[in-house]
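Residue-level structure breakdown
Spelled out, the chains give:
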Amino acid sequence: MIKHFGSVKKLRQATIDEICEVPGIGRRTADLGWFVVDNLPPALIPTMVELGARSQGNVARIAVVVDVRGRRFFDNLRESLADLEAKHVTRRIVFLESSDDALVRRFESVRRPHPLQGDGRIVDGIAAERDLLRELRGDADLVIDTSSLNVHELRAKMDAQFAGESEPELRATVMSFGYKYGLPVDADLVVDCRFLPNPHWVPELRPFTGVNEEVSDYVFDQPGAKEFLNQYTELLQLIAAGYRREGKRYVTIAVGCTGGKHRSVAMSEKLSARLAAEGIETVLVHRDMGRE
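Residues numbered from 1 in each chain as written. Predicted model: local features only at pLDDT ≥ 70, side-chain atom pairs only at ≥ 80, totals over all residues. Heavy atoms only, no water.

1. Quick word on the overall build of the chain
- Within the chain, the secondary structure is distributed over 11 helices and nine strands.
- For the chain, the proportion of its 292 residues judged to be buried stands at 41%.
- Restricting the contact set of the chain to residue pairs at least 6 apart, pairs at least 24 apart contribute 70%.
- For the chain, the accessible surface area stands at approximately 16400 Å², while carbon and sulfur atoms represent 51% of it. (Helix = DSSP H or I, 4+ residues; strand = E, 2+ residues; numbered from the N terminus. Buried < 20%, exposed > 50% of the residue type's maximum accessible area, 1.4 Å probe, protein only. Contact = heavy atoms within 4.5 Å. Areas by Shrake-Rupley, 256 points an atom, 1.4 Å probe, with all protein chains shown as cover.)

2. Side note on helix H7 (residues 122-139)
- Along its 18 residues, H7 runs 26 Å from first to last C-alpha, staying within 8% of the 26 Å computed at 1.5 Å per residue.
- Residue Leu 133 marks the point of greatest curvature in H7, where the axis turns by about 55°. (Expected span 1.5 Å × (residues − 1). Bend = angle between axes of the 7 residues up to and from the residue.)

3. A closer look at unusual backbone geometry
- Of note, the phi angle at His 88 is positive, near 60°, even though the residue is not glycine.
- Considering the arrangement of structural elements, one finds His 88 in the loop between helix H5 (73-86) and strand S4 (94-97).
- When its relative accessible area of 72% is taken as the criterion, His 88 is described as exposed.
- With a phi angle near 55°, Arg 111 is a residue other than glycine that sits in the positive phi range.
- By secondary structure assignment, the location of Arg 111 is in the loop between helix H6 (100-110) and H7.
- For Arg 111, a relative accessible area of 77% gives the class exposed.

4. A look at the environment of Phe 95
- Topologically, Phe 95 is positioned in strand S4.
- Classification of Phe 95 by relative accessible area gives buried; the value is 12%.
- Put simply, Phe 95 and Val 143 are 48 residues apart on the chain and 4.8 Å apart in space, counted from C-alpha to C-alpha.
- Excluding anything up to four places from it in sequence, Phe 95 contacts Leu 133, Leu 136, Arg 137, Ala 140, Leu 142, Val 143 and Ile 144.

5. Points about the nonpolar core
- Counting residues in each nonpolar core, the largest one holds 26 residues, and the members touching the most others are Ile 253, Val 255, Leu 271 and Leu 275.
- Among the elements of the structure, strand S6 (171-178), strand S7 (189-192), helix H9 (213-220), helix H10 (225-246), strand S8 (250-257) and helix H11 (263-277) are those that each provide at least two residues to this core.
- If you tally residues by element for this core, the top one is H10, at six residues.
- Excluding residues within four positions of it along the chain, Ile 253 makes contact with Thr 173, Val 174, Met 175, Leu 189, Val 191, Tyr 232, Leu 236, Leu 271 and Leu 275.
- Val 37, Phe 95, Ala 140 and Val 143 belong to the second largest nonpolar core, which has 20 residues in total. (Core = buried A, V, L, I, M, F, W, Y, C linked by side-chain atoms within 4.5 Å.)

6. Thoughts on the packing of aromatic side chains
- In the structure shown here, the tally under the stated rule is three aromatic pairs.
- Taken together, a centroid distance of 5.3 Å and an interplanar angle of 55° make the contact between Phe 195 and Phe 228 tilted. On the criterion of sequence distance, the pair formed by Phe 195 in the loop between S7 and H9 and Phe 228 in helix H10 is long-range, its members being 33 residues apart.
- Take Phe 195: its relative accessible area is 44%, and that puts it in the partly exposed class.
- Judged by its relative accessible area of 24%, Phe 228 is partly exposed.
- For the pair Phe 228 and Tyr 232, a centre-to-centre distance of 5.6 Å together with 5° between the ring planes defines the contact as stacked. Linking Phe 228 with Tyr 232, this pair stays in helix H10, spanning four residues, or about one helical turn.
- Owing to a relative accessible area of 14%, Tyr 232 belongs among the buried residues under this scheme.
- A connected cluster of aromatic rings, assembled from ring pairs, spans Phe 195, Phe 228 and Tyr 232.
- Above the ring of Tyr 179, the side-chain terminus of Arg 194 is found at 3.6 Å from the ring centroid.
- Sitting over the face of the ring of Phe 220, Lys 270 holds its NZ or CZ atom 5.7 Å from the ring centroid. (Phe/Tyr/Trp six-rings, centres within 6.5 Å; stacked < 30°, edge-to-face > 60°. Lys NZ or Arg CZ within 6 Å of the ring centre and 35° of its normal.)

7. Description of the pattern of salt bridges
- Evaluation of the coordinates by the stated rule reveals 10 salt bridges.
- With its nearest N and O atoms 2.8 Å apart, the salt bridge here joins Arg 134 to Asp 131. Linking Arg 134 with Asp 131, this pair stays in helix H7, spanning three residues, or about one helical turn. Of the two residues, Arg 134 and Asp 131, neither departs from the other in class, the shared state being exposed.
- Here Asp 288 ties to Arg 291 by a salt bridge, and the two come within 2.9 Å at their closest N and O atoms.
- You can call Asp 288 buried: its relative accessible area is 2%.
- Three or more residues joined by partner-sharing salt bridges are found here, namely Glu 50, Asp 83 and Lys 87. (Salt bridge = Lys/Arg side-chain N within 4 Å of Asp/Glu carboxyl O.)

8. Points about the sheet that holds S7
- If you trace the four strands from one edge of the open sheet to the other, you get S7-S8-S6-S9, paired in parallel fashion. The sheet is open, and its two borders are formed by S7 and strand S9 (281-286), each paired with just one other strand. Mean inter-strand twist for the sheet, computed between neighbouring axes without regard to direction, equals 20°.
- Relative to S8, S6 is paired through eight bridges, and the arrangement is parallel. Paired with Val 174 across the two strands is Ile 253, which belongs to S8. (Pairing = 2+ DSSP bridges. Axes fitted to C-alpha atoms, helices over the stretch in contact; angles between N-to-C directions.)

In short, shape yes, function no, at least from these values alone.
Here you go:
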């Protein structure tokens, strides 16, 4: 980047359009009101923010996509984030991740090595990247597992989180899932509904899901179901207040049962409605419903 402009001074004097014309940087303007820059070196993030501030309101929100291209990545990114915080710039970290199996398939499909694998295998590069980014993942405001998502499903998730004109105080994703398909890796909180009788063993309810009124009534007629919903909602109110104080704006609540079809779906439907009634912007996702 500096080589392209000749000096740091000229780089800082450049416009956003001039920076985005640099080969390898790329630019696309998303239809969610964000100015998006791909493949920007982390050290240049504060410069991009400064340029946006000089745009006279034409660039109000900037999204920068960065990935691992070298060992200096993490130090540069940490320094840039600290710089933004010192300048009181509002920033959010969205961390996209995937399972090792999914990542290996993706690298093999494009016939490219992992940037950090060196003379080793793709899995060695993945392991090195996870180690390098472990602290960043812990600091992320939002973690999205892309293992089973196609590009349209990922777009829908991003739309749900960032399409609004203004940022909400707190946004919750309530996700039902089946334990037999694995825990959602992006969950902040996990609820286990397997303490309730399984509608799967009721022949007339087995074909339906927790969205069905008969299944939902069966679940919440069981001892402890309504009490659990009421008390867990109260607990979430306490947690939500703490998240707001700490500046955390995104939380994913995973609600599980054996197959992700009956109990977890019914509980997720009720829980998401309760959170929405409390003024928490809520997205409802049934990860494994229909997977059987």
